[in-house]
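# Summary of structural features
Residues per chain are reported as follows:
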Amino acid sequence: MIRVVLPANLRTLAGVGREVELRVDGNVTQRSVLDALEAEYPMLRGTVRDSVTKKRRPLLRFYACEEDHSEDSLDDPLPAEVASGREPYLIVGAIAGG
Amino acid sequence: MPKVRVLVGTHKGAFVMTSDERRKEWKVEGPHFAGWDVYHMNASPVDPDRLYAAQSRGWFGQVVQRSDDGGKTWQPMGNEFKYEGKVNTHKWYDNSDHPYEFLRVWHFEPSLSDPDTVYAGVEDAALFKSTDGAKTWEELPGIRTQESASSWAPGAGGLCLHTIILDPVKKDRMFAAISSAGAFRSEDAGKTWKPITKGLHSEIMPDPDAEVGHCVHRIAMHPSRPNVLFMQKHWDVMRTDNAGDMWHEISGNLPTDFGFVIDVHSHEPDTVYVIPIKSDSDHFVPDGKLRVYRSKTGGNEWEALTKGLPQKDCYVNVLRDAMAVDSLESCGVYFGTTGGQVYVSADAGDSWSAIVNNLPSVLSVQVQTLS
């Protein structure tokens, strides 16, 4: 199972805890993980990727294994640690403070 | 016993407030959608338990919520707002051409006859319609694709379509308003639109009398008299008696004619309410005094309503969708402030009290009168 960590506002929207587990068939890429996330939690459609353009929302970043994958191709394979479930895939919101 | 339900959208969530016809004791529920902007909530006039809420955040985009039990529970609905056909451009702040792109919903206007039909006014300026209770959305592109739309430029608040009025008599007639673009009318249920701006004069424009570019902040109509519209423009309070064919100024003795909200008494079509704001550079009430102004003559002659409102050290704003009236026998008037207060008057404005004092900044106030 793929582990995905969501930002707090999306946990509330989806009614889940900090982390969700997803089954992903085939190659484990950012696209396949995000597709599985939106299929399992349809209320998240449009909140991580724009509904129309399917692009990453600009104030969100995608991390895995202490690396920023936000600018990688969505079709590149994610690290084996993510594919095996040892490490989570993190969707992180830009910090807002003052 | 009749009661009222007040729907309040704020910068950090939504609140639902209920009271009986005395409007003295209030039950406040929320925050719903905590941490999110709720630009607007509105209810179907034919199914009062059917509510729509526009939930958004810069990080996560737009979420549309629907309640079928009067706001007790909510369900996320469809949030795909796709512009129809070729996407045209509008002017950006540097005068470059910028493609229309969906940012958020500013206003929901449910159909007068079908609880599953609802219109959404959005930024960048466009009008969408759902006929399946907000599951799916289809643009009515006529307003975005008219000839002048490529020349529209956003104001500081964004290029938003914020006002939608459905004519209760002429079923195919609609009115809409867009910041920094103007007011528009459709006679064919939203397919085609024409500007209704004759008589508007805006010194902030190169040509103050141009057909488009006027920054309309809000339009209000009394349902018994749909040819008469009242407008709070960026500066100037205006009135038309012919559905927008010609406007005339009714600012009269107001201390300032800048402001955002405007509304009409539910039983007296010539009784109008505004809340003057000092200026477009100082977005707060003048002289530290929060005053609602009421005209019982359809404009020009205004009286300050102050009883129960702070009359010193008050520097709040009241945003365009943050005033509403109920239809109880003694008309109730409601408004919310950027300071987080929601005020009610159960006597048509003569006296006021705060329902709540410390909410997040209020974006919108809507009220339902329930039997």
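Just so you know, these numbers come straight off a predicted model, no measurement behind them.

Moving on: the overall build of chain A. Scanning chain A from N- to C-terminus turns up three helices and five strands. For chain A, the C-alpha radius of gyration of 13 Å lies close to 13 Å, the compact-globule estimate for 98 residues. Considering only C-alpha atoms, chain A reaches an extent of 35 × 25 × 25 Å along its principal axes. Looking at the 98 residues of chain A, the share that counts as buried comes to 44%. Pairs at least 24 residues apart make up 50% of the contacts formed inside chain A by residues separated by at least 6 positions. Element-wise, carbon and sulfur atoms account for 47% of the exposed surface of chain A, whose accessible area totals about 5,300 Å². Side chains of chain A give 13 positive and 16 negative charges; the mean places of these two sets differ by 5 Å.

Okay, the environment of B:Asp207 next. Residues and elements named next belong to chain B. Residue position: Asp207 is located in the loop between strand S17 (194–195) and strand S18 (216–221). Note on Asp207: relative accessible area 42%, which makes it partly exposed. Sequence spacing of Asp207 and Ala43 is 164 residues, and the spatial spacing of their C-alpha atoms is 39 Å.

Quick look at a negative patch on the surface now. Where like charges cluster on the molecular surface, the negative patch consists of A:Glu66, A:Glu67, A:Asp72, A:Asp76, A:Glu81 and A:Glu87. Mapped onto the secondary structure, A:Glu66 falls in the loop between strand S3 (60–64) and strand S4 (67–68).

A separate point is the pattern of salt bridges. Applying the stated criterion across every chain, the model contains 30 salt bridges over all chains. Here B:Arg104 makes a salt bridge to B:Glu123, at a shortest N to O gap of 3.3 Å. Linking B:Arg104 in strand S10 (residues 104–110) with B:Glu123 in strand S11 (residues 118–123), this pair joins segments that are 19 residues apart in sequence. Accessibility expressed as a relative area gives 6% for B:Glu123, which makes it buried. Measuring nitrogen to oxygen at the nearest pair gives 3.1 Å for the salt bridge that ties B:Lys278 to B:Asp282. The partly exposed category is assigned to B:Lys278, whose relative accessible area is 40%. Residues participating in the shared-partner salt-bridge network are A:Arg56, A:Arg61, A:Asp68 and A:Glu71.

This brings us to the pairing of S18(B). Residues and elements named next belong to chain B. The buried fraction of S18 amounts to six of the six residues, a majority that puts the element mostly inside the structure. As defined by bridge partners, S18 adjoins strand S19 (residues 229–233) across five bridges and the pair is classed as antiparallel. Counterpart to Ile219 in the pairing with S19 is Met231.

One recurring pattern in soluble globular proteins: nonpolar side chains tend to sit buried together. Ranked by internal contacts, the top residues of the largest apolar core, which has 40 residues, are B:Val8, B:Met17, B:Ile275, B:Leu290, B:Val292, B:Tyr334 and B:Phe335. Setting aside residues no more than four positions away along its own chain, B:Leu290 makes contact with B:Ile275, B:Val285, B:Leu305, B:Leu309, B:Pro310, B:Gln311, B:Cys314, B:Val316, B:Phe335, B:Thr337 and B:Tyr343. Counting residues in each nonpolar core, the second largest holds 39 residues, with A:Leu10, A:Phe62, B:Trp36 and B:Ala43 among its members.

Next up on the list: the interface of chain B and chain A. Contact residues are listed per partner, giving 17 residues for chain B and 16 residues for chain A. Interface of chain B and chain A: buried area, both sides summed, is about 1,300 Å²; carbon and sulfur atoms make up 62% of it. The largest per-residue losses of area from chain B upon contact with chain A belong to B:Trp59, B:Phe60 and B:Asn79, which jointly make up 50% of the total buried on that side. Viewed at the interface, chain A and chain B are joined by four residue pairs in polar contact (both at pLDDT 80 or more). Elements with a contribution of two residues or more to the side of chain B that touches chain A: strand S5 (51–57) and strand S6 (61–67) of chain B. Grouping the constituent residues of the side of chain B that touches chain A by class yields seven nonpolar, seven polar and three charged.

What counts as what
- Residues numbered from 1 in each chain as written.
- Chains lettered and ligands numbered in written order.
- Predicted model: local features only at pLDDT ≥ 70, side-chain atom pairs only at ≥ 80, totals over all residues.
- Heavy atoms only, no water.
- Helix = DSSP H or I, 4+ residues; strand = E, 2+ residues; numbered from the N terminus.
- Rg over C-alpha atoms; globule rule 2.2 N^0.38 Å.
- Buried < 20%, exposed > 50% of the residue type's maximum accessible area, 1.4 Å probe, protein only.
- Contact = heavy atoms within 4.5 Å.
- Areas by Shrake-Rupley, 256 points an atom, 1.4 Å probe, with all protein chains shown as cover.
- Lys, Arg positive; Asp, Glu negative; His and termini not counted.
- Charge placed at Lys NZ, Arg CZ, Asp CG, Glu CD.
- Patch = residues over 30% accessible without salt bridge, like charges linked within 9 Å, V, L, I, M, F, W, Y side chains within 5 Å.
- Salt bridge = Lys/Arg side-chain N within 4 Å of Asp/Glu carboxyl O.
- Pairing = 2+ DSSP bridges.
- Core = buried A, V, L, I, M, F, W, Y, C linked by side-chain atoms within 4.5 Å.
- Buried area = accessible area lost by both parts, 1.4 Å probe.
- Polar contact = N/O pair within 3.5 Å; in protein donor to acceptor, adjacent residues only side chain to side chain.
- Nonpolar A, V, L, I, M, F, W, Y, C, P; charged D, E, K, R; others polar.

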